Amino acid sequence: MVILKSSTDLVGLREAARIASEALRIAKRMIADGVSAADIDEVLRDYIYSQGARPSFLNYEVEDKIYRYSTCISIDNEIVHGLPLKSKVLKAPMLVKVDVGVYKDGYHADTAWTFALGDVSDEARRLMRATKEALYRAIDVIRPGARISDITYAIDEVARRYGFRPAETVTGHGVGLELHEDPIIPNNPKDLDKDGRLRRGMTLAIEPMINAGTEEVITLPDGWTIVTADGSLSAHYEHTVYVGKEGPEILTEDIDG
Ligand code: MF3
Ligand code: CO
Ligand code: CO
């Protein structure tokens, strides 16, 4: 179900988004050789609680599974839903993707960023640039009356221009009162089903995930981690965006610079 938000809701959404963005900044500062994904997860969890909020992902139910962590931390070929395990120890060069959701006073915000640890390859740098550009191009098309597929095609166009492909099956989504609301926003045009139009008051998690190689994905036996089928690198950037009367209002923050 699509849930339209009022200007009162927007106040709550902005606060959740502020906390989620600050959590990503904390993650950025922590990323270094020898730090584990569990270390980052614990620090972000504690920060989120310190703000009178709670992690949206913790105990989140998807189908018959329950997610037991506060963040998703995905490395290199892991596209999304990587588990923040103690055994996942950072070591340069690595692409580290941190995804965090924050629930505060009835509102969820959802944001993710890709960080380069050490001297990553030129291809990895290009992939980061392409995916971030896809995020902002997709946001550019947002206005009342635009189609969901306009977002999908914007992401696909940028990916292809760089010689990359948006990952199949993984999508953006509505966000706000629930972590995942309608509409589903495919990253890959193959996943477009019934199209729909954006309406003022929608709040959307726009989250291109772009693979350097094949667009095909595999879910690991842990039941969560989604990886590229060919082992190629993947990048992920996600903003929570409000569909305003005149166009998009980006609620989460750019973590670079
Ligand atoms: N990464 C997902 C998103 O951005 C949410 C994670 S759900 C969890 O939409 F259950 F895996 F935590
Ligand atoms: Co997310
Ligand atoms: Co999301």
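Right, let's walk through the structure included here. Because the structure is a prediction, the values reported are computed rather than measured. (Residues numbered from 1 in each chain as written. Chains lettered and ligands numbered in written order. Predicted model: local features only at pLDDT ≥ 70, side-chain atom pairs only at ≥ 80, totals over all residues. Heavy atoms only, no water.)

Attention now goes to the site of ligand 1. Residues in contact with ligand 1 amount to 14 residues; listed here are only the nearest, D99, D110, H173, H180 and E207. D99 has a polar side-chain atom sitting 2.6 Å from a nitrogen atom of ligand 1. At 2.9 Å, a side-chain N or O of H173 approaches an oxygen atom of ligand 1. Calculation on ligand 1 without its partners gives an accessible area of 340 Å², and the protein chains cover 97% of this total. In a pocket analysis with a 2 Å cut-off to the grid points, ligand 1 is assigned to the largest pocket. For the shell around ligand 1, the class distribution of residues is seven nonpolar, three polar and four charged. (Near = heavy atom within 4 Å. Polar contact = N/O pair within 3.5 Å; in protein donor to acceptor, adjacent residues only side chain to side chain. Areas by Shrake-Rupley, 256 points an atom, 1.4 Å probe, with all protein chains shown as cover. 1 Å grid on protein atoms, 1.4 Å probe; cavity = no way out; pocket = protein on both sides within 12 Å on 5 of 7 lines; lining within 4 Å. Sits in = over half its atoms within 2 Å of the grid points. Nonpolar A, V, L, I, M, F, W, Y, C, P; charged D, E, K, R; others polar.)

All right, on to unusual backbone geometry then. Leave glycine aside and you will find that most residues have negative phi; peptide bonds, for their part, are mostly trans. A cis amide bond links A92 to the next residue, P93, at an omega of -10°. With respect to the helices, strands and loops of the structure, P93 is situated in the loop between β5 (78–80) and β6 (94–104). A cis amide bond, omega 0°, links D182 with the succeeding residue P183. Counting through the fold element by element, P183 comes out in strand β10 (residues 181–186). Although it is not a glycine, E63 adopts a positive phi angle of roughly 50°. Mapping E63 onto the fold places it in the loop between β2 (61–62) and β3 (65–66). (Helix = DSSP H or I, 4+ residues; strand = E, 2+ residues; numbered from the N terminus.)

This next bit is on the coordination of the cobalt ion (ligand 2). Ideal geometry at a metal centre gives angles of 109.5 degrees when four donors are arranged tetrahedrally and 90 or 180 degrees when six donors are arranged octahedrally. For the cobalt ion (ligand 2), the full set of protein donor atoms is D99 (OD), D99 (OD), D110 (OD) and E238 (OE), at a range of 2.0 to 2.6 Å. Mapping the donors of the cobalt ion (ligand 2) onto the primary sequence gives the spacing D-x10-D-x127-E. In this structure, the cobalt ion (ligand 2) lies 3.2 Å from the cobalt ion (ligand 3), and both are coordinated by D110. Taken together, the residues span a long stretch of sequence, with D99 in strand β6 and E238 in the loop between β15 (234–236) and β16 (239–243) at a distance of 139 residues. (Donors = N, O, S within 2.8 Å, 3.2 Å for Na, K, Ca; no water.)

Once that is clear, we can look at the nonpolar core. Counting 65 residues, the largest nonpolar core has V96, I151, L204 and I206 as the members making the most contacts within it. Looking at this core, the element that brings in the most residues is helix α1 (residues 7–30), giving 10 residues. In this structure V96 touches I31, I73, S74, I75, L90, W113, T114, F115 and L117, once residues within four positions along its chain are discounted. (Core = buried A, V, L, I, M, F, W, Y, C linked by side-chain atoms within 4.5 Å. Buried < 20%, exposed > 50% of the residue type's maximum accessible area, 1.4 Å probe, protein only. Contact = heavy atoms within 4.5 Å.)

Attention shifts here to the pattern of salt bridges. Opposite charge on two side chains makes pairing possible when the charged atoms of those side chains draw close. Tallying each qualifying case throughout the model produces 17 salt bridges. Close ionic contact of E181 with K5 constitutes a salt bridge, the shortest N to O distance being 2.5 Å. Residue E181 is located in strand β10, and its partner K5 is located in the segment before α1; the two are separated by 176 residues in the primary sequence. Across the pair, K5 and E181 agree in class, each one buried. Residues K86 and D39 are paired through a salt bridge, measuring 2.9 Å at the closest nitrogen-oxygen approach. Of the two residues, K86 sits in the loop between β5 and β6 while D39 sits in helix α2 (residues 37–50), which places them 47 residues apart along the sequence. The class of K86 is exposed, set by a relative accessible area of 54%. Connected through salt bridges with shared partners, the residues E15, R18 and K104 form a single ionic network. (Salt bridge = Lys/Arg side-chain N within 4 Å of Asp/Glu carboxyl O.)

The next point concerns the coordination of the cobalt ion (ligand 3). The cobalt ion (ligand 3) binds to the protein through D110 (OD), H173 (NE2), E207 (OE) and E238 (OE), with metal-donor distances spanning 2.0 to 2.1 Å. Between the six donor atoms coordinating the cobalt ion (ligand 3), the angles at the centre fall across 56 to 170°, so the site counts as irregular. Sequence positions of the residues that donate to the cobalt ion (ligand 3) give the spacing D-x62-H-x33-E-x30-E. With relative accessibility at 2%, the residue D110 sits in the buried group. (Tetrahedral: all angles 85-135°; square planar, octahedral: opposite > 155°, others 65-115°.)

Attention shifts here to the packing of helix α3 (residues 122–140) against helix α4 (residues 148–161). Two elements in contact, α3 and α4, have axes separated by 8 Å at closest approach and are oriented at 150°. Taken together, the axes of α3 and α4 are roughly antiparallel relative to one another. Our pair here, α3 against α4, has a crossing hand that is right-handed. Each of A130, E133, A134, R137 and A138 in α3 lies in contact with α4, whose residues at this interface are I151, A154, I155, V158 and R161. Taken together, the residues of the contact of α3 with α4 break down into seven nonpolar, no polar and three charged. (Axes fitted to C-alpha atoms, helices over the stretch in contact; angles between N-to-C directions. Parallel < 35°, antiparallel > 145°, perpendicular 65-115°, else oblique. Left-handed = near helix turned anticlockwise from the far one by under 90°.)

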